[in-house]
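Structural description and commentary
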Amino acid sequence: MKPLCTLIVVLFVCITSFAQPPRIIILATGGTIAGEGASADRAAYTAGKVPIESLLKAVPGIEKIAAITGEQIANVGSQDMSIDIWLKLNKRINEIFANNEADGIVITHGTDTQEETAYFLNLSVRSGKPVVLTGSMRPSTAISADGPKNLYDAVTVAANTRSGGRGVMVVFNESIFDGRDVSKGSTTKVDAFRSPNLGPIGQVYDGKVIYYMNPIRKADKETPFDISTQKVLPKVGIAYMYADAEAGAINNFVKEGYKGIIIAGVGNGNFNKAFYDAIAAAVKKGLVVVRSSHVGSGRVTQFDEVDDKNLGTIVSDDLNPQKARILLMLGLTQTSNKDILQSYFFKY
Ligand SMILES: NC(=O)CC[C@H](N)C(=O)O
């Protein structure tokens, strides 16, 4: 009799859990997906206008994929994304998963800094549950607005049982990107995102999700970056190198009390004599200087043309400058030891 009872209980639990649709919370932050204009083209539209409730109404059938609730975290064009909003997002996401309020999270976000938010959360969300960012290139009032389709696809991915444990992702124009590698690669087109070093990790097509890769550079449940009590992050600036560049930006960061500098170098994280001298002075003052590159893909390797040992610099591996800045800011909340910081760049 006992085994039969157990079987019935197990069957009941299985059936009821199958009957439950996945619970998805959409955290809205603004962007073109919530943009509004006076005409059907993109002239003078404003990003971050439409509330999450109206966005959802524009996506017929979305309620069949998941039990969806929406929360407005911010409503800004993502050029105005801030550390304040990042900390708020991090806190809310960690709380949602710790309290088991949802099975997955979708974040609607402007495209300009979407790659930065994706990587910030990839490093700081303490969970293996799916977190998916999306947005659009055309405002909600434009012809063939891409927002509703992207939102539908993002919810599809977040609700899929195979989406866990892949770190934070960006879903855009039917591609699924790893939040670490993804980068905006077109200023205006609807296929705005690329993954320059990996390619997309999967595709979403007519409600079906297909994965090809599982990124291993993610922090997940083991993240060392606990920023739950952080009100600000250590200041890190980016200095852009080009032919005959002067080192004013670097000197200014030192003067302003920044804790770290990312060099958006040429080639393999390279720079001229003016930059070299300014970097040497910054390192002597205790700033952590990371060599990255503005090439757009590929690694920056140690001890190549630049002697990192002598100069006291570390390298970003294949993180672009804006992502290297995020890892350095988070890394500096834990340590100022350059060996440990360098190890973060090879791990995350
Ligand atoms: N396509 C967009 O989302 C760009 C609009 C705006 N600049 C933003 O990033 O939010």
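Note that this is a predicted model, so its numbers are computed, not measured.

Section: the sheet that holds strand β14 (residues 314–315)
Within a sheet, each strand pairs with its neighbour through backbone hydrogen bonds, oriented either parallel or antiparallel. Here four strands make up an open sheet; going across it, the order is β11-β12-β13-β14 and the pairing parallel. Edge positions in the open sheet fall to β11 (236–240) and β14, since each of these has one partner strand only. Across two bridges, the pairing between strand β13 (residues 288–293) and β14 is parallel. For arginine 291, the partnering residue across the bridge sits in β14 and is valine 315. Running over the sheet, helix α7 (residues 248–255) touches β11 and β12 (260–265) and is turned about 165° from β11.

Description of the pairing of strand β10 (residues 208–211)
Side chains of β10 alternate between two faces, with Val209 and Tyr211 buried and Lys208 and Ile210 left unburied. Both strand β9 (residues 202–205) and β10 contribute to a ladder of four bridges, which runs antiparallel. What sits directly across from glutamine 203, in β10, is isoleucine 210. Hairpin connection from β9 to β10: two residues lie between these consecutive antiparallel strands, with aspartate 206 at a positive phi of about 45°.

As for the UniProt feature "domain: Asparaginase/glutaminase C-terminal" (unreviewed entry) in the protein
In this numbering, the UniProt entry assigns the feature "domain: Asparaginase/glutaminase C-terminal" (unreviewed entry) to residues 235–345. A helix fraction of 40% and a strand fraction of 17% characterise residues 235–345, whose end C-alpha atoms lie 18 Å from each other.

Brief notes about the nonpolar core
Here is a general trend for soluble globular proteins: nonpolar side chains tend to be buried in one another's company. One finds Leu27, Ile93, Ile107, Phe120, Leu327 and Leu328 to be the most contacted residues of the largest nonpolar core, which totals 52 residues. Shared between two domains, this core holds at least three residues of each, these being domain 1 (19–222) and domain 2 (236–347). Ile24, Ile52, Ala66 and Val171 belong to the second-largest nonpolar core, a separate cluster that totals 27 residues.

Notes on the site of the ligand
In the vicinity of the ligand, the residues found are Gly31, Thr32, Tyr45, Gly77, Ser78, Gln79, Gly110, Thr111, Asp112, Ser136 and Met137. Here an oxygen atom of the ligand and a side-chain polar atom of threonine 32 are 2.9 Å apart. A distance of 2.8 Å separates a nitrogen atom of the ligand from a polar side-chain atom of threonine 111. For the ligand, whose unbound accessible area comes to 290 Å², protein coverage reaches 91%. Grouping the amino acids of the shell around the ligand by side-chain chemistry returns two nonpolar, eight polar and one charged.

Looking at helix α8 (residues 273–284)
Compared with the 16 Å implied by 1.5 Å per residue over twelve residues, the 17 Å span of α8 between its first and last C-alpha is a close match. For α8, the complete set of buried residues consists of Phe275, Ala278, Ile279, Ala282 and Val283. What you see down the axis of α8 is that its buried residues fit within an arc of 140°, all on one side. Counted as exposed and oriented over 90 degrees from the buried face of α8: Lys273 and Lys284. In this fold, the buried residues of α8 make contact with β11, α7, β12, β13, α9 (308–311) and α11 (338–347).

Examining the packing of aromatic side chains
Given two aromatic rings, one states the distance between the centres and the angle between the planes to describe the pair. Scanning all chains against the criterion turns up seven aromatic pairs. Geometrically, the ring pair formed by phenylalanine 225 and tyrosine 348 is edge-to-face, given 5.5 Å between the ring centres and 65° between the ring planes. With phenylalanine 225 in the loop between β10 and β11 and tyrosine 348 in the segment after α11, this residue pair connects regions lying 123 residues apart in the sequence. By relative accessible area, which is 1% here, phenylalanine 225 ends up buried. We classify tyrosine 348 as buried; its relative accessible area is 6%. These aromatic residues form a ring-pair network of at least three members: Phe225, Tyr344 and Tyr348. In this structure, arginine 166 packs its charged tip against the face of tyrosine 211, placed 3.6 Å from the ring centre. Across from the ring centre of phenylalanine 303, 4.9 Å away, lies the NZ or CZ of lysine 309, which sits over that ring.

Observations regarding the packing of α7 against α8
At a minimum axis separation of 9 Å, α7 and α8 run at an interaxial angle of 10°. In terms of orientation, α7 lies roughly parallel with respect to α8. Classified by chirality, the crossing of α8 by α7 is left-handed. Where α7 abuts α8, its residues Ile250, Asn251 and Val254 lie against Phe275, Ala278, Ile279 and Ala282. Of the residues contributing to the contact of α7 with α8, the split by class is six nonpolar, one polar and no charged.

What counts and how
- The written sequence of each chain sets the order in which its residues are numbered from 1.
- Since the coordinates come from a predicted model, pLDDT governs what is reported: local features require at least 70, and pairs of side-chain atoms require 80 or more to be given and counted, while whole-chain, interface and lining totals use all residues.
- Side-chain descriptors were evaluated using all non-hydrogen atoms of the structure, hydrogens and water having been removed beforehand.
- For two strands to be treated as a pair, DSSP must find no fewer than two bridges joining them.
- Secondary structure elements are taken from DSSP: a helix is a run of H or I of four residues or more, a strand is a run of E of two residues or more, and numbering for both begins at the N terminus.
- Contact criterion: two residues are considered in contact whenever any of their non-hydrogen atoms come within 4.5 Å of each other.
- Helix axes use the C-alpha atoms of the stretch in contact, all axes being lines fitted to C-alpha atoms, and the angles between their N-to-C directions lie in the range 0 to 180 degrees.
- Burial classes follow relative accessibility: with a 1.4 Å probe on protein chains only, a residue under 20% of its type's maximum area counts as buried, one over 50% as exposed, and anything between as partly exposed.
- UniProt positions are given in the numbering used here, feature names are shortened, and annotations may be inferred rather than shown by experiment.
- We define a nonpolar core as any set of buried Ala, Val, Leu, Ile, Met, Phe, Trp, Tyr and Cys residues linked to one another through side-chain atoms lying within 4.5 Å.
- For every domain, the bounds stem from an assignment made automatically or drawn from a database.
- Throughout, near means a residue has at least one heavy atom within 4 Å of the molecule or strand.
- Counted as a polar contact is a pair of N or O atoms within 3.5 Å, where, for protein atoms, one must be capable of donating a hydrogen and the other of accepting one, and residues adjacent in sequence contribute only when both atoms are in side chains.
- Each accessible area is a Shrake-Rupley result for a 1.4 Å probe, and residues are judged covered by the shown protein chains and nothing else.
- Think of it as three bins: nonpolar holds Ala, Val, Leu, Ile, Met, Phe, Trp, Tyr, Cys and Pro, charged holds Asp, Glu, Lys and Arg, and polar takes everything else, Gly as well.
- Between the first and last residue of a helix there are one fewer steps than residues, each counted as 1.5 Å, and that sum is the expected span.
- Read the arc as the range of directions from the helix axis to the C-beta atoms.
- Stacked, tilted and edge-to-face are the three classes applied to pairs of Phe, Tyr and Trp rings, where Trp contributes its six-membered ring and a pair requires centres within 6.5 Å; stacked means planes under 30 degrees apart, edge-to-face means over 60, and tilted covers the rest.
- Working rule: Lys NZ or Arg CZ, within 6 Å of ring centre, within 35 degrees of ring normal, means a charge sits over the ring.
- Roughly parallel means an angle under 35 degrees; roughly antiparallel means over 145; roughly perpendicular covers 65 to 115; every other angle is labelled oblique.
- Handedness of each helix crossing follows the sense of rotation of the near helix against the far helix: counterclockwise by less than a right angle gives left-handed, clockwise gives right-handed.

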